[in-house]
Every structure is written in structure tokens, then in C-alpha cells.
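In case you want the letters, here they are:
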Amino acid sequence: MIKVAIMGYGTIGSGVYEVLETNREVLARAAGQELEVKYVLDLHDFPGTWVESKIVHDFDVICRDPEVKIVVETMGGLEPAYSFVKACLEAGKHVATSNKALVAAYGTELLAIAREKKVNFLFEASVGGGIPIIRPLYRCLVGEKIQEITGILNGTTNFILTKMDKEGASFQWALKEAQALGYAERNPEADVEGHDTCRKIAILTAMATGKEVNYEEIPTEGITKITDVDFKYADAMGTSIKLVGSARVECGKVYAWVAPLMIGKDHPLYGVSDVYNGILVKGNMVGTTMYYGSGAGKLPTASAVVADLVESAKHLDSNIPIGWSSEKQAIASADEAAYRFFVRVSGTYEDRRYMVEAAFGKCRVVELKDMDEFAFLTGPMKRSEFLENLEILKVELTAEYQKVLQVIRAE
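Residues numbered from 1 in each chain as written. Predicted model: local features only at pLDDT ≥ 70, side-chain atom pairs only at ≥ 80, totals over all residues. Heavy atoms only, no water.

**Student:** Quick one: what's the story with the overall build of the protein, residue by residue and with numbers?
**Tutor:** Counting its regular elements, the protein contains 15 helices and 16 strands. Whereas a compact globule of 411 residues would reach a radius of gyration of roughly 22 Å, the protein reaches 24 Å, a difference of no more than 12%. With respect to the principal axes defined by its C-alpha atoms, the protein has extents near 75 × 45 × 30 Å. Burial statistics for the protein: of 411 residues in total, 54% are counted as buried. (Helix = DSSP H or I, 4+ residues; strand = E, 2+ residues; numbered from the N terminus. Rg over C-alpha atoms; globule rule 2.2 N^0.38 Å. Buried < 20%, exposed > 50% of the residue type's maximum accessible area, 1.4 Å probe, protein only.)

This is the structure:
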């Protein structure tokens, strides 16, 4: 029997306990022996619950107990999670975590300690929640050169954008509904400004390249400037708008970014709606693969944590080759990556035609009824070239009421 400790008995931690209890026999067969929770570290006592007799308030009880072989970290945040996880690894204990902030900030160091101590630091749940993506990268796709990873990696923003797309809701209305349903925090900044997605694409980029990626170097835009009018144009064009994180390898350079992206109906991520997540991975041999499912939620995320727990149980005396080295992966300037761009401009196209064509040449133009504005979609071009051409257009729009209303990257 393998003794386990859970640090943090919130939504995910309680889910891990539930999965371990409910699927006890299935997990015992998978791990080769039973898994039993000995301790649950939390500030609260949870009287009358399953874990009441297992609650401890002192981390050292877990760290100093030689019986505890595997520790689950579901506390969230950086401290004390980082200090506790580091101490557990140094004490020769395996750790499984769902904490993307921890992995993005300290993953390189914690992976190195795990290798040195011949234990495992596993983090399947940190990116896709219940969607398997970390393990496929280091096992199923181990023989591939990864060319691209593009994903809808945040259920909250995908729910908001789906409401705006399907129901014509405003951003603020959709955000309030997401908060009412518990999908968004009272302070939703990490989600709607793209920070959560940024950390996740940083982890995936590191997995794909085998090198450390600094998430702070990844250009990041959120969805707060997306409007219901943008979706009216998207509908007219047969497209939708999703917040994606993307990493692409082109000519030996790695480009990574987070931003709203306009995609067509033939794109694999087009149909990923509501709180679901989808991750597209392109390999040089396998081509395009897709991973889809619940990117968050109590039991889906807990299921991924428990899978890591079982993985550690099957490798109690060895380190599984996973993750990345301390070598830094340079992130190339996003200005040099080529995309199409959706642009909204005030006034009528008839009056602005020469301005648009002078800056961008022939473009696809969309006009909506009873709107004193129009939109156009450029051809593929580097972002640096687009910004130069956009400045030309802005110079032409000399009147005070003439202006560029919106710019969205497009496939």
C-alpha cells in the first residue's frame, strides 16, 4: 500500500480524494497496489466529512513522514506551494500538481530536483485540466518534431466568447453570467487578460522544445476589447473569435503569443464552445492531432492529477524523463510571424476604398446594414508589415471621426 498526502482541500484537492475513494479498485490494479490518503493539509478541519480524521495543519508532518511516498499539491498560487513542493522533492517524495502558476514559474528548478533525487514532478492537470496533453507530448509524440501547438486553454474566456457569438451578448453581460455560474472569479483578470492562457502555452512550448520558456516573454492580449459588433462581422464572414495560445516553430525560430484569433469553420478549434478546451498539435510526421474535453472542473482536473499519482506509484524508484532542461528557449518577435488581420474602420467603404487599397491592396471587405463603418480582411503578412501599413491608413484617416475601430488577428 502506498501512502499519499494531499496539500490543499479545495475544489481540486477534494476532487482528488473523491476519485481515489470512488475508483479505489481500478486505481489499485493500475498502480499495482492500493493508494491510501494518510494526510490532508489544510487550514480548516472539515468536521463530519471523510477527511476529518486525516486533516493536519503542519506541513512538516507530511514532509518528515517516511511512509508518505507521493504528495499531491492542489493549493494553487506560488507560496507556500513552491516551498512545500520543493521540500517534498528534496525529501525524496514524488509530487503531482495541478498548479500552472507553479509549473510556469518554477518548473525548471523542480524538475531538476526531481531528477537529482530520482523522484517525479508531474503536472498533467496544469494545462488542460481533464484533457490529456502533457503525457501525449512526452510519450505518444516523443518521436515527432513539434511544429505547432495552438489551443483554447481557458474555459472561462471560451464561455464568454461563446455567449457573445451565439447569443449576441456584450462582454460585460457574458462575464457577469460566467461569474454567476462560478466559471469566473470575482476578479477575472487572470482569465480575461490572457495571463492564465499565457502560462499554459509557456508550459506546452517548453514541453515541445525541451527548453525553459519564460512566460513573461510571451506577448499576451486578452478579450476585454472584443465586442458584440466584432461577432456580427465574424458571423457575416463565416468565422468565429477564440482566445488562443499558440507556439509555432518556423525556420528554426519559436514564435509564441496569446491573443484573440478569428478562425473559419474549417479550423479544428472552430467548434470548441462553452467551457470546453481544445488543443491542436502538429508534428512533422503525424500531422495534426486534436485534444478536446473539459479544461477545468473538479473531477476532470482531479482525474488528471490522479493519473499522475498512479504514474508515480508505478515508478517509485525511478525518474520518468519528462519536461525540459535549464537551457533558455528564445521566443522570436511576434512581429515577424505572418497572419491575416481583420480591421474595422469608421465610415463607408465607398469613401475609404482608395485609403484601404493604398495601404493594403485588394482585401476582402464586409459591410453590415445600417452601420457607419466597414471591415476588411488582409492577406497573409508579417505583423511588422501590417503595423507599417496600418500607420499609412491612419494617416489617410485625417478627420477626427475617421478612425480604426478594431484589429484582430486571423487565420
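**Student:** I'd like to hear about the pattern of salt bridges, residue by residue, with values.
**Tutor:** Summed over the entire model, instances satisfying the criterion amount to 29 salt bridges. Salt-bridge contacts for Arg353 lead to Glu357; the nearest nitrogen and oxygen are separated by 3.9 Å. In this pair, Arg353 and Glu357 are both assigned in helix α14 (residues 349–360), four residues apart and thus about one turn of the helix distant. Note on Glu357: relative accessible area 27%, which makes it partly exposed. Counted as one network, the salt bridges with shared partners bring together Glu124, Arg135, Arg139, Asp308 and Glu311. (Salt bridge = Lys/Arg side-chain N within 4 Å of Asp/Glu carboxyl O.)

**Student:** Quick one: what's the story with the environment of Ala125, residue by residue and with numbers?
**Tutor:** With respect to the helices, strands and loops of the structure, Ala125 is situated in helix α6 (residues 125–128). It is 4.6 Å that separates the C-alpha atoms of Ala125 and Ser98, two residues lying 27 residues apart in sequence. Residues contacting Ala125, with those up to four places away along its chain left out, are Thr97, Ser98, Thr301, Ala304, Val305 and Asp308. (Contact = heavy atoms within 4.5 Å.)

**Student:** For the sheet that holds strand β6 (residues 121–122), give the residues involved together with the corresponding values.
**Tutor:** A sheet is described by the order of its strands in space; here six strands give the open sequence β3-β2-β1-β4-β5-β6, paired in parallel fashion. Single-partner strands in this sheet number two, and they are β3 (55–56) and β6. Relative to strand β4 (residues 68–73), strand β1 (residues 2–7) runs parallel, the two being bridged by five bridges. Its bridge partner lying in β4, Met7 is registered against Glu73. (Pairing = 2+ DSSP bridges.)

**Student:** Before we move on, could you go through the packing of helix α2 (residues 24–31) against helix α13 (residues 298–313) and cite the residues and values that matter?
**Tutor:** α13 packs onto α2 with a crossing angle of 40 degrees between their chain directions and a minimal axis gap of 9 Å. Judged by residue contacts, Leu27, Ala30 and Ala31 of α2 engage Val306, Val310 and Ala313 from α13. (Axes fitted to C-alpha atoms, helices over the stretch in contact; angles between N-to-C directions.)

**Student:** A description of a nonpolar patch on the surface should follow, citing residues and the corresponding values.
**Tutor:** Taken together, the side chains of Tyr276, Met290 and Tyr292 present a nonpolar region at the surface, about 290 Å² in accessible area. Here Tyr292 lies in strand β11 (residues 287–294). (Patch = residues over 30% accessible without salt bridge, like charges linked within 9 Å, V, L, I, M, F, W, Y side chains within 5 Å. Areas by Shrake-Rupley, 256 points an atom, 1.4 Å probe, with all protein chains shown as cover.)

**Student:** Explain the side chain of Glu311 to me, using residue names and the numbers behind them.
**Tutor:** Relative to the helices and strands, Glu311 is located in helix α13. A relative accessible area of 6% places Glu311 in the buried class. Setting aside residues up to four positions removed in sequence, Glu311 forms contacts with Leu122, Arg135, Tyr138, Arg139 and Ile320.

**Student:** Got a sec to walk through unusual backbone geometry? Specific residues and values, please.
**Tutor:** For the bond from Glu79 to Pro80, the omega torsion is 10 degrees, close enough to zero to count as cis. Position of Pro80 relative to the elements: it lies in the loop between β4 and α4 (81–90). Of note, Lys118 is a non-glycine position whose phi angle comes to about 60 degrees, a positive value. Along the chain, the position of Lys118 falls in the loop between α5 (100–117) and β6. Here Lys118 falls in the exposed class, since its relative accessible area comes to 53%. A positive phi angle, close to 55 degrees, is found at Asp274, a residue other than glycine. One can find Asp274 in the loop between β9 (253–264) and β10 (276–283).

**Student:** Kindly report on the packing of aromatic side chains, identifying the contributing residues and their values.
**Tutor:** One pass over the full model with this rule turns up 15 aromatic pairs. Each ring, one from Tyr349 and one from Phe374, has its centre 5.3 Å from the other, and the planes form 65 degrees; the classification is edge-to-face. Of this pair, Tyr349 sits in helix α14 while Phe374 sits in strand β14 (residues 373–377); the two residues are 25 residues apart in sequence, bridging distant segments of the chain. With a relative accessible area of 9%, Tyr349 lands in the buried category. The class of Phe374 is buried, set by a relative accessible area of 0%. (Phe/Tyr/Trp six-rings, centres within 6.5 Å; stacked < 30°, edge-to-face > 60°.)

**Student:** If you had to explain α5 to someone new, which residues and values would you point to?
**Tutor:** With 18 residues, α5 should reach 26 Å at 1.5 Å per residue; the first-to-last C-alpha distance of 22 Å falls well below that figure. For α5, the set of buried residues is Leu102, Val103, Ala104, Gly107, Thr108, Leu110, Leu111, Ile113 and Ala114. Where α5 is buried, its residues contact β4, α4, β5 (94–97), β6, α6 and α11 (195–209). Where α5 starts, the residue carrying a side-chain oxygen 3.2 Å from the main-chain nitrogen of Ala101 turns out to be Asn99. (Expected span 1.5 Å × (residues − 1). Polar contact = N/O pair within 3.5 Å; in protein donor to acceptor, adjacent residues only side chain to side chain.)

**Student:** An account of the pairing of β4 is needed here, citing residue identities and associated values.
**Tutor:** With five of six residues buried, β4 is to be regarded as a mostly interior element. Here four bridges tie β4 to β5, and the two strands are oriented parallel to one another. Its bridge partner lying in β5, Val72 is registered against Ala96. In this region the chain leaves β4, passes through α4 and returns to the parallel neighbour β5; the handedness of that crossover is right-handed. (Right-handed = clockwise from strand over helix to strand, strands pointing away.)

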